[in-house]
Structure formats: structure tokens, C-alpha cells
Amino acid sequence: MFETVLRRFGGTRHAIGRFLIVCMVVGFLALLAAGVAAVLTVVRTERHTEMVNHTYVVKLAIDRARTLVEQGETARRGYLLTGDKAYRDNYVIAARVTPREIDRINDLTADNPNQVRNIGNLRMLVSDLIEQRERTIADTDAGRRDAAIATFTAEKNARRMFRIREILSRMSAEESRLLTIRNGEQRAGINAFYVTLSVAALLLLVVATFSLATVLQYTRDLNASQERLRDFADSLEEQVAERTAELTRANEEVQRFAYIVSHDLRSPLVNVMGFTAELESATATIRDLIDRVDAAAPGVATEDDRLAAREDLPEAIGFIRTSTQKMDRLINAILKLSREGRRTIMPDRLDIAAMGRTIRASVQHLLDERGAEMIVEDPVPAIVNDRLAVEQILSNVIENAIKYLSPDRPGRIVLRGHVEGSRAIFDIEDNGRGIAPSDHTRIFDLFRRSGQQDQPGEGIGLAHVRALAYRLGGTIDVESELGTGSTFRITLPLTYVDPQSGQPANKENEKP
Amino acid sequence: MNDHRSVSIVMIEDDEGHARLIEKNIRRAGILNDIMHFTDGTTALDYLFNHKDGPALNGPALVLLDLNLPDMSGTDILAKIKAEGALKRTPVVVLTTTDDKVEIQRCYDLGCNVYITKPVNYESFAQAIRQLGLFLSVIQVPDIESD
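Residues numbered from 1 in each chain as written. Chains lettered and ligands numbered in written order. Predicted model: local features only at pLDDT ≥ 70, side-chain atom pairs only at ≥ 80, totals over all residues.

An unreviewed UniProt entry annotates chain B as Response regulator of Sphingomonas immobilis.

Per an unreviewed UniProt entry, chain A is named histidine kinase, and its organism is Sphingomonas immobilis.

In C-alpha cells:
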């Protein structure tokens, strides 16, 4: 069920977040509704209680009024029959209080038209009654007891007391009716409160269950993906280590290959060069022979013989020689590269700025020849690496920069560097002739050159530089625009790391 | 070389051209001793130790040895010659293209008498071989103990 809900939400982290927020909002709304309902119910119950209390107060007042009326009646009858003064006193008190009590009831029930009507009647009857009583009392005081009793009897016929009792009973019944209604209302209010509370509680429960299930599901998913990620990271490290080992092996393989090939190539070359020399000396002998034949017996040697001995043979031998010499240089270059790969790296602390200044001093005559300047910025990061190799890299790139300066403008070469993370980056910038974008990769290949071939070279320098940079755990690349200049960027680790042991070089250990 | 006995030169060199150039230049230095040429290790070892005209059974010799052979490493031949036996005092000149430091040390450890790297440049090569010839003409070669 939760899964379907989650699926409907897309199951993504965003969707789950939205779902949780919706759940929380619904939960809070339910809580708020429950709170409001509780407050409302309490207020209503309070009002109801007040009303019920009020009804009781009214009922009590009605009973009191009835009692007072009855009491007055009893006292009057007692005085009428006995003439005893004590009854008279009692009567006076009751007669004085009764209208006041009726006024009070009037005040309390002013909001109920039924009661107001009843009270109007009551008051009229009571005031008639009191007036009639006063008369009988006054007759009794005057000693006219017969007249008083006659009045009393007449009054009895008027059934005034009976009607007063009836009205009071009706009022009491009215209040009882109100009480029943109010109690009913109060119960309904409380029931409504319970219903609201139950609905809110149910809603809260549902929301809480959904949220909890979602959070649990989400946490489980998160844990699972974290585990997968950890596994992946672990295997990645292994893969990197494996790949590095493979690369190292492949690199060693290439080095060995280059070494063997260059040696085995040398062998036939020795023959070609050797026998070319033999041919040359033989040609000299033949040339002498032709000369002698021409001198001794002209006409024996043909023009072809002379051409072969004097031009064709020397020309062929010359081409063979220059070609073999070039091949010899190329083989030596390969051999040099493979030797560089086999050389032991001796890490040392290197002040690259000082190294740059030393190189500048060594190429100063070349700079002067071309009217160029070279700037070594300071500070340039220091690194721990092989001195000879780094020197070769820098001087090769700087010599190239001088070699390929543009004749159109005064040359300017800048060496600068900065640190990025655990690596130092050195830029050698020139304003020379630049390199076409198609040649940016090619120039680092062995025997490949770029642009106008007006400078001596075999296309070895940058291949050598790149092999060295790789060897030192670094890289080299170029940014250049034809006709504007080039920037060679050399990235090297701040501290050389031995690929075999994986340990960073400790120069104290390396230097005796 | 020892003029009272003819010292034969045994050249073990797989490259025919090199062998020819070496022979030519040694001759140019005025060395007239017999030069026996072998292009593989097996035949050469058989001649050195077992042939009736070979140095083990018949007289002193000097060995010119190339290290890159098709069937075995030159250092194996060197080790066999310099091991206990009739040939252990026979001078061995290693003449090869390899200039690997480790290889040179190994050859001297095994008892090689001279190690020469063949220069690629022919003039230097010819020069070196001629000088080797002059050198060979003055070195003394011990007799083979025929006990």
C-alpha cells in the first residue's frame, strides 16, 4: 500500500519529501481541528452549565415565592382565628418579602416571554391578594373579626390562592422544560466534541502511520543505496589500483620493447653502414680504374661506365648514408626515451623559481640573439621530485618556446606556477608563432612536429617531455592559438609518489 | 699472438654481416690467425669442447662473443667456457651492441676478459675492431692444459 503511494509519488527523494510535508500538514490540521473543537465545546459546556445553574436559581426563587405566599397565608389565617400578635408579625414579614421575591424572579426570567407573561399575572394576583389580606388584617386589628372572616371566605370563593399556586407550578414546569432542553443540548455538544476528537485522532493515527512507513521505507532505501555506494567505492578503489598496476606493467613492457627494438634495429644498421663504407672505398677503387683506363686506352670505358663510377654510385651511397644516419638518430632517440623510463627517480626538494632562473641563464645567449626576454615569476610552488627530470622538462619546453618565437614581435616567455590541491601547476607561456589546434596532441608524439619546418630537430623533445612528466606522476598539455602564442601547462604532484609502493617520497630518506 | 703455436680465433656472431665486417677489420689490423665463425651457440659450444680441432682438444684459442644469439644467450656460453675445465683460462672478448650496465657487470662477474660495445657509426666500429686486432696481436694466450 505504501509502495503504491510511494510509486504514485514517483518514489524520488523530492516526491517523498513532498509526501511527508503533506502528511505533516494534514496531521497538524487534524490537531488544530481537535483543539478548536475542544475549546468550542468547553465554552459551550460552560454556557450550558451557566444556563442550567440559572434555571435552578429560577426554580429556587419560584419555590421561595410559593413558600412565602403560603407562609403569609398561614400567618394571616392564624391571626384571623386567634388574634395572636405573633401571627401578625409573621405575616408582615412574609407580606413585605413576597413582592421582592417576585421582582427577583422577574429579573431572572426577563429573557423568557412565557415567564414574563406568568409573572405579570402572578404579580397582579399577589397584589390583589395582599390588598385583600391587608384589609382582613386591618379589620382584625379593629376588632371586626367577623368582617375579616367574611372577606376571607369571599376571597376563598375567588379561588385566588389556587390560581397563584397554578401559575407558580406552571413557571416551575417551564423551568423544568428549559432544563431538559439545556441538558440535551449540553450532551449533544459533548457528543460532538467526542466525535471531532475521534475523527482527529483517527486522522492523526493514519497520517502518523503513513509518515512513519514512508520514513522507514525511505531510510531502508537510503541505507541500501549507501551500502551499494560503499561497495561501489570499494570496488572502484580496487579497480583503480588494478588499472594503475596494469598501466605500470604496460609502461614497463613498452620500455622493454623500445629497448629491445632499438638494440635489434642497431644490428642491421651496423651492417648497412659498414657495407656502405666498404662500397664507398670500392667505388673509389673503380673510379681510379676508370681514370687509369681512360688515360691508357681511351674508348674502352663507355660513357655509362664513367657515369656509373663517377656519379651514380657516389649518389646512391650518399643517399644510403644520410638515410642510415637519420635512422641512427631516431633509434638513439627511442633508446634515450626507454633509458629515461628505466632511470631511478631520486626525489629531492626543488625550488622551481631558482631552477627557472638557472635555465634562463643557460639560454640567455639564445634570448639575446632573438631579442627576447624571459620572466620567472616568484613565488612559484616548490615540489619534491626528481631534479634531473624536472630540469629536462622545463628546459625542453623553454628551449622550444625560444626556438619557435615569432619574428614579428619581441619575444616574451613567462614561467609561473600555482598549487591546486595536491598538485603543482606550472605554465610556460610564450607569444610565439603558436600551434594549430589539430596539432595540439600530435606534437607530443615521437618524431612528429608542427608548423613550418625551419628549425633543426627530430620531433623528440616533447615526446621525451611527456614521457618524463608521466614518469613523475604528472601530465603536460598545451593551449595555443596559431599566430598568438602557446601556453604549456605542466602538472606535477607536490610530492612524488612511488607507483610501486604507493608511498610519497620522503626526501630526508632519499637524500644521504 | 703466441708465435710458436697458432692461436685460432673463435667468433660467435649470429649476424653474417657483422662477422664479415669484424673479420675484414681484424685482417686490416694485420692479424692473420685462423678465424672460425659460428652463427649459433650450440654449434659453437660443440666445436669449443668436442671438435678434434677445437681449442679444448687442440691448442689455445681466443673467443669473440656476441651476446644476442638466436638459440641461447651469450652469457650462457661465457659461463660454460669460464666454468671449471680445459677452457677456463681462454680469453673471451665480448663484442656486442648491448651497453646495459647490468649486462656488462654480469659478464665481468662471469669472467669475461674484455667487454666492447659495437659502435653504430661505421668509422668508429672499424676503428674499434682494428684497435682490437692490434690488442689481440700483443696479448698472451695461455696454453691448454692437456692433462
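## Regarding helix H1 (residues 16–28) of chain B
Side chains that are three or four residues apart share a direction in an α-helix, a result of its 3.6 residues per turn. Residue and element names in this part refer to chain B. An ideal rise of 1.5 Å per residue puts 18 Å on 13 residues; H1 measures up with 18 Å between its terminal C-alpha atoms. All buried positions along H1 are accounted for by His18, Ala19, Leu21, Ile22, Asn25 and Ile26. Taken around the axis of H1, the buried residues stretch over an arc of 165 degrees, which confines them to a single face. Projecting away from the buried face of H1 at angles above 90 degrees are the exposed residues Glu16 and Arg28. (Helix = DSSP H or I, 4+ residues; strand = E, 2+ residues; numbered from the N terminus. Expected span 1.5 Å × (residues − 1). Buried ≥ 20, exposed ≤ 12 C-beta atoms within 10 Å, placed from the backbone. Arc of directions from axis to C-beta.)

## Here we look at the UniProt feature "transmembrane region" (unreviewed entry) in chain A
The positions UniProt marks with the feature "transmembrane region" (unreviewed entry) are residues 15–43 and 192–216 of chain A. Helix and strand shares over residues 15–43 of chain A are 100% and 0% respectively, and the end C-alpha atoms of the span are 42 Å apart. (UniProt positions renumbered as here; feature names shortened; annotations may be inferred.)

## With respect to the nonpolar core
Among soluble globular proteins, nonpolar side chains are generally buried collectively. Residues Ile393, Val397 and Ile428 of chain A are the most contacted members of the largest nonpolar core, which totals 39 residues. Those elements that provide at least two residues to this core are helix H7 (303–342), helix H8 (352–362), strand S2 (373–376), helix H10 (387–403), strand S4 (412–420), strand S5 (423–430), helix H11 (461–471) and strand S7 (485–493) of chain A. Looking at this core element by element, the count peaks at seven residues for H10 of chain A. Both domains that meet at this core, namely domain 2 (245–340) and domain 3 (345–510) of chain A, each give it at least three residues. In terms of nonpolar packing, the next biggest core, distinct from the first, is built from 38 residues, Phe38, Leu95, Cys112 and Tyr115 of chain B among them. (Core = buried A, V, L, I, M, F, W, Y, C linked by C-beta atoms within 7 Å. Domains from an automatic or database assignment.)

## Observations concerning the packing of helix H2 (residues 41–50) of chain B against helix H3 (residues 74–82) of chain B
Residues and elements named next belong to chain B. Their axes nearest at 11 Å, the elements H2 and H3 cross at an angle of 10 degrees. Put simply, H2 runs roughly parallel to H3. Relative to H3, the crossing made by H2 is right-handed. For the pair H2 and H3, the contacting residues are Gly41, Ala44, Leu45 and Leu48 in the first and Asp76, Ile77, Lys80 and Ile81 in the second. Here the residues of the contact of H2 with H3 sort into five nonpolar, one polar and two charged. (Axes fitted to C-alpha atoms, helices over the stretch in contact; angles between N-to-C directions. Parallel < 35°, antiparallel > 145°, perpendicular 65-115°, else oblique. Left-handed = near helix turned anticlockwise from the far one by under 90°. Contact = placed C-beta atoms within 7 Å. Nonpolar A, V, L, I, M, F, W, Y, C, P; charged D, E, K, R; others polar.)

## A closer look at the UniProt feature "modified residue: 4-aspartylphosphate" (unreviewed entry) in chain B
Residue and element names in this part refer to chain B. In the UniProt entry, the feature "modified residue: 4-aspartylphosphate" (unreviewed entry) is given for Asp66. Judged by C-beta crowding, with 24 C-beta atoms within 10 Å, Asp66 ranks as buried. Beyond its immediate sequence surroundings of up to four residues, Asp66 is in contact with Ile12, Glu13, Asp14, Gly74, Leu95 and Thr96.

## As for the pairing of strand S5 (residues 114–117) of chain B
All names here are of chain B. Pairing analysis gives four bridges linking strand S4 (residues 92–96) to S5, with the strands arranged parallel. Among the inter-strand pairings, Thr96 is bridged to a residue of S5, identified as Thr117. Note that the unit made of S4, helix H4 (residues 101–110) and S5 has a crossover that is right-handed. (Pairing = 2+ DSSP bridges. Right-handed = clockwise from strand over helix to strand, strands pointing away.)

## Focus: the sheet that holds S4 of chain B
Residues and elements named next belong to chain B. Sheet architecture is open: five strands sit in the order S2-S1-S3-S4-S5, paired in parallel fashion. Each of the sheet's edge strands pairs with one partner strand only, and the pair in question is strand S2 (35–38) and S5. The mean inter-strand angle of the sheet, taken between neighbouring strand axes irrespective of direction, is 20 degrees.

## Some thoughts on the pairing of strand S1 (residues 8–12) of chain B
Residue and element names in this part refer to chain B. Among the five residues in S1, five count as buried, and that is most of the element. Of the two faces of S1, the one carrying Ser8, Val10 and Ile12 and the one carrying Ile9 and Met11 are both buried. Here S1 pairs with strand S3 (residues 61–65) via five bridges, running parallel. Bridging across to S3, Met11 finds its partner in Leu64. Looking at chain direction, S1 and S2 are connected through four bridges and run parallel. In the strand pairing of S2, Val10 is matched with Met36. Following the backbone out of S1, through H1 and into the adjacent parallel S2, one traces a crossover that is right-handed.

## Details of the sheet that holds S5 of chain A
In any sheet, the strands associate via hydrogen bonds between backbone groups, in a parallel or an antiparallel arrangement. Residue and element names in this part refer to chain A. Ordered in space as S2-S4-S5-S7-S6, the five strands form an open sheet in which the pairing is mixed. For this open sheet the edge positions go to S2 and strand S6 (475–481), each flanked by a neighbour on one side alone. On average, each strand axis in the sheet is tilted by 15 degrees relative to the strand beside it, whichever way the strands run. Note that S4 and S5 share eight bridges and pair antiparallel. Residue pairing for S5: Val414 is matched across the bridge by Glu429. Lying over the sheet, H8 contacts S2, S4 and S5, oriented at roughly 165 degrees with respect to S2.

## A closer look at the environment of Val390 of chain A
Residue and element names in this part refer to chain A. Turning to its location among the elements, Val390 is positioned in helix H10. A residue is classified by how many C-beta atoms lie within 10 Å of it, and Val390, with 23 of them, is buried. Along the sequence, Val390 and Leu492 sit 102 residues apart, while their C-alpha atoms lie 9.3 Å from each other. Sequence-distant contacts of Val390, defined by excluding residues within four places in its chain, comprise Leu350, Met355 and Asn385.

## A closer look at the interface of chain A and chain B
At the junction of the two partners, chain A supplies 11 residues and chain B supplies 10 residues. Among the elements that line the side of chain A that touches chain B, the one with the most residues is helix H6 (residues 160–296) of chain A, at 10 residues. Partitioning the side of chain A that touches chain B into residue classes produces five nonpolar, four polar and two charged.

## A closer look at the environment of Thr441 of chain A
Residue and element names in this part refer to chain A. The residue Thr441 is located in the loop between S5 and H11 in this model. Exposure remark for Thr441: the 11 C-beta atoms within 10 Å place this residue in the exposed category. Note: C-alpha distance between Thr441 and Asp477 (36 residues apart in sequence) is 8.0 Å.

## Notes on unusual backbone geometry
Backbone phi values are negative for most residues with the exception of glycine, while trans is the configuration of most peptide bonds. Look at the link from Asp378 of chain A to Pro379 of chain A: it is a cis peptide, with omega at 10 degrees. Within the fold, Pro379 of chain A resides in the loop between S2 and strand S3 (383–386).

## So, the environment of Met355 of chain A
All names here are of chain A. Here Met355 shows up in helix H8. A C-alpha to C-alpha distance of 9.3 Å links Met355 and Ser395, two positions 40 residues apart in sequence. Discounting chain neighbours no more than four positions away, the residues touching Met355 are Leu350, Val390, Glu391 and Leu394.

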